[in-house]
Amino acid sequence: MERPALKMDAEGLLSAWRFDGRGGATRLPLDRALVEPAPDGGFIWLHFRYLPRAPQTWLRQHSGLDLSVVESIAEDDCRPRCAMFTEGSLLSLRGINLQRNALPEELITVHLWVDARRVLSVQHDFLSAIADFEDALARGRCPRSQGEFVADLSTRLVERVDAVVDKLIDEADELEDTVLATVASEMLPKIAILRRVAVKLRRHIAPQREALNHFALEDDPWMGPKDRNRLRDAADRVTRFAEELDSVRERAGIIREQMVDTRAEQMNKSMLVLAVVTVVFAPMTLISGMFGMNVGGIPGNTDPEAFWALAVAMLVLGFVLLWLFRKLKWI
């Protein structure tokens with residue numbers, strides 16, 4: 001997916017929406033979104049792009065957020081978590097990066113501050129789930145409360161993880177089907193990549209389950225029973241993803257062990273053949289070496305038939321040794 005050209009104001013504000021609490025929403029102009037009051041029975045959504053070198057004056061001085069919350073929002077690579085405050089709740093989630101040439105384990109952090117009158121979201125890079133969420137808002141699929149808002153966005157984040165996990169499972173199935181027909185030099189790098197992606201992805205998304213379950217415990221009026229159930233469903237899906245990623249990692253390890261065992265078995269067979277050849281030809285080499293010495297007293301050195309007799313004797317000795325090895329089941 002191509003990264004779209006995002007427009008934002010000097011404060012890093014990317015978009016703003018006004019929700020009436022009855023299933024309707026309107027997009028706010030960026031130039032007056034920061035001073036727009038929340039409607040009665042509704043809320044305002046302000047979505048920011050956090051720029052490390054920008055002053056972010058509004059977030060730091062005029063948003064009314066606690067300094068610890070602002071510092072948490074400034075974290076780019078943090079674990080999913082949920083923190084409850086007197087004024088509201090801070091929820092940090094991670095989503096799959098679907099940009100072109102991006103690795104599947106490169107997750108983007110999005111922070112959500114939710115209180116009685118507004119939702120503030122901060123991303124550090126483009127996140128397709130938020131773009132799709134805004135497209136749904138433009139089509140009229142609007143949440144009626146902050147709890148429904150968070151549940152919708154969390155579900156979209158989880159759905160993208162589902163697609164990546166399914167792809168990893170398909171890759172593991174393909175590797176298992178071709179493990180015996182593919183050379184190790186081609187298979188081992190693919191196994192290493194599959195295992196690395198599964199480990200990193202699980203480490204990043206597993207804490208998301210606890211964050212969603214913790215946020216579902218919010219007892220404010222804007223969090224309804226249906227919203228809590230949807231958040232718990234998203235948390236359960238994250239749990240399933242973590243289990244499937246553990247399975248992919250274990251399967252990658254088993255495939256690698258199978259390849260190593262196959263290579264070890266092939267090497268043992270090669271070494272056995274080499275040992276048999278060495279044992280068969282060692283007596284012949286000794287005999288030929290003795291008769292090849294340029295000294296007096298060698299038997300048959302004056303008999304023209306001695307060479308052929310010696311050759312036949314060594315050939316018979318070789319067949320005898322091969323018969324003996326086969327009888328002892330060494331080969």
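Counting restarts for each chain: residues are numbered from 1 in the order of the written sequence. Only residues with pLDDT of at least 70 get local features here, since the model is predicted, and only at 80 or more are side-chain atom pairs given and counted; chain-wide, interface and lining totals rely on the full set of residues. For side-chain calculations, the full set of non-hydrogen atoms in the structure is used, while hydrogens and water are omitted.

### Quick notes on the overall build of the protein chain
Step number 1: Secondary structure is summarised from DSSP: a helix means a run of H or I of at least four residues, a strand means a run of E of at least two, and numbering begins at the N terminus for each. Within the protein chain, the secondary structure is distributed over 7 helices and 7 strands.
Step number 2: Of the regular secondary structure in the protein chain, the N- to C-terminal order runs β-β-β-α-α-β-β-β-β-α-α-α-α-α.
Step number 3: C-alpha atoms define the radius of gyration in this analysis, and the globule rule sets the expected value at 2.2 Å times the number of residues to the power 0.38. Its C-alpha radius of gyration of 35 Å places the protein chain more than 25% over the 20 Å reference for a compact globule of 331 residues.
Step number 4: Projected onto the principal axes, the alpha-carbon positions of the protein chain cover approximately 120 × 40 × 35 Å.
Step number 5: Here's how the labels work: a residue is buried when its accessible area is under 20% of the maximum for its type, exposed when over 50%, partly exposed in between, all with a 1.4 Å probe on protein chains only. Here the protein chain holds 331 residues, and 43% of them are scored as buried.
Step number 6: Every residue pair with non-hydrogen atoms within 4.5 Å of one another is taken to be in contact. Taking as baseline every contact in the protein chain between residues at least 6 positions apart, the subset at least 24 positions apart corresponds to 65%.
Step number 7: When the accessible area of the protein chain is evaluated, it comes to approximately 18400 Å², of which 56% is carbon and sulfur surface.
Step number 8: Put simply, the protein chain has 42 plus and 48 minus side-chain charges, and the middle of one group is 1 Å from the middle of the other. Every accessible area reported is derived by Shrake-Rupley at a probe size of 1.4 Å, with residue values counting cover from the shown protein chains alone. For the purpose of charge, His is not counted, nor are the chain termini; Lys and Arg are scored as positive and Asp and Glu as negative. Throughout, a charge is located at the NZ atom of Lys, the CZ atom of Arg, the CG atom of Asp or the CD atom of Glu.

### Details of the environment of Phe325
Step number 1: One can find Phe325 in helix α7 (residues 306-327).
Step number 2: Between the alpha carbons of Phe325 and Val161 there is a distance of 59 Å; along the sequence they are 164 residues apart.

### Looking at the packing of helix α3 (residues 128-138) against helix α4 (residues 146-178)
Step number 1: The contact between α3 and α4 brings their axes to 9 Å, and the two run at 130 degrees. Put simply, α3 runs oblique to α4. Considering the relative orientation of α3 and α4, their crossing is right-handed. For the pair α3 and α4, the contacting residues are Ser128, Ala129, Ile130, Asp132, Phe133 and Ala136 in the first and Phe149, Asp152, Leu153, Arg156, Leu157 and Arg160 in the second.
Step number 2: Class assignment of the residues belonging to the contact of α3 with α4 gives a composition of 7 nonpolar, 1 polar and 4 charged. Between N-to-C directions, angles span 0 to 180 degrees; the directions come from axes that are lines fitted to C-alpha atoms, helices contributing only their stretch in contact. Each angle is binned into one of four classes, with values under 35 degrees roughly parallel, values over 145 roughly antiparallel, values of 65 to 115 roughly perpendicular, and all other values oblique. Each crossing gets its handedness from the near helix: less than a right angle anticlockwise from the far helix is left-handed, clockwise is right-handed. Under the scheme applied here, ten amino acids are nonpolar (Ala, Val, Leu, Ile, Met, Phe, Trp, Tyr, Cys and Pro), four are charged (Asp, Glu, Lys and Arg), and all others, including Gly, are polar.

### Description of the pattern of salt bridges
Close approach of charged atoms allows side chains with opposite charge to pair.
Step number 1: The salt bridge criterion pairs a side-chain nitrogen of Lys or Arg with a carboxyl oxygen of Asp or Glu, the two atoms within 4 Å. If you walk through the whole model with that rule in mind, you get 18 salt bridges.
Step number 2: Among the salt bridges present, the one from Arg237 reaches Asp162, with a minimum N-O distance of 3.2 Å. A residue pair is termed long-range when its members are at least 10 positions apart, and Arg237 in helix α6 (residues 225-291) and Asp162 in helix α4 qualify at 75 residues.
Step number 3: Asp162 gets classed as buried once you look at its relative accessible area, which sits at 15%.
Step number 4: Asp162 is the partner of Arg240 in a salt bridge, and the nearest nitrogen-oxygen pair spans 3.8 Å. Pair noted here: Arg240 is in helix α6 and Asp162 is in helix α4, with a separation of 78 residues, a long-range link.
Step number 5: By relative accessible area, Arg240 is classed as partly exposed at 32%.
Step number 6: When salt bridges with common partners are traced through the structure, they connect Asp162, Arg237, Arg240 and Glu244 into a single cluster.

### Here's the deal with the sheet that holds strand β3 (residues 43-49)
Step number 1: By the convention used here, strands pair only if DSSP detects at least 2 bridges between them. If you walk across this open sheet you meet the 7 strands as β2-β1-β3-β7-β6-β5-β4, and the pairing is mixed. In the strand order of this sheet, the two ends are held by β2 (25-27) and β4 (81-84), each with one partner. Averaged over all pairs of adjacent strands, the angle between strand axes in this sheet comes to 15 degrees, irrespective of strand direction.
Step number 2: In terms of strand pairing, strand β5 (residues 88-96) meets strand β6 (residues 107-115) through 9 bridges, oriented antiparallel. Pairing of Gly88 across the sheet is with Asp115, part of β6.
Step number 3: Set on the sheet, α4 makes contact with β1 (13-19), β3, β5, β6 and β7 (118-123); between it and β5 the angle comes to about 20 degrees.

### Section: the pairing of β3
Step number 1: Among the 7 residues in β3, 6 count as buried, and that is most of the element.
Step number 2: Judged from the 6 bridges that link them, β1 and β3 form a sheet pairing that is antiparallel. Across the sheet, the residue bridging to Leu13 is Phe48, located in β3.
Step number 3: Across 6 bridges, the pairing between β3 and β7 is parallel. Along β7, the bridge assignment pairs Phe48 with Val122.

### A few points about the confidence of the model for the protein chain
One rule of thumb: low pLDDT means the predicted coordinates there are not for detailed reading.
Step number 1: Confidence along the protein chain averages 83 in pLDDT terms, with 90% of residues attaining 70 or more.
Step number 2: Note on scores: pLDDT gives the predictor's confidence for each residue, bounded by 0 and 100. Note on residues 1-5: pLDDT under 50 across the span, and 10 contacts to partners over four residues away in sequence or across chains.

### Focus on the environment of Met259
Step number 1: The residue Met259 is located in helix α6 in this model.
Step number 2: Sequence separation of Met259 and Trp308 is 49 residues, and the distance between their C-alpha atoms is 49 Å.

### Quick look at a negative patch on the surface
Step number 1: To count toward a patch, a residue needs a relative accessible area over 30% and no salt bridge; like charges are then connected within 9 Å, while nonpolar side chains (Val, Leu, Ile, Met, Phe, Trp, Tyr) are connected within 5 Å. A contiguous patch of negative charge on the surface is contributed by Asp166, Asp170, Glu171, Glu174 and Asp177.
Step number 2: Relative to the assigned elements, Glu174 resides in helix α4.
Step number 3: The exposure class assigned to Glu174 is exposed, which follows from its relative accessible area of 52%.

### A short note on the pairing of β6
Step number 1: Along β6, 9 of the 9 residues are buried, which leaves the element largely enclosed by surrounding structure.
Step number 2: Here β6 shows a buried face lined by Leu107, Thr109, His111, Trp113 and Asp115 and a second buried face lined by Ile108, Val110, Leu112 and Val114.
Step number 3: Across 5 bridges, the pairing between β6 and β7 is antiparallel. Pairing of Trp113 across the sheet is with Leu120, part of β7.

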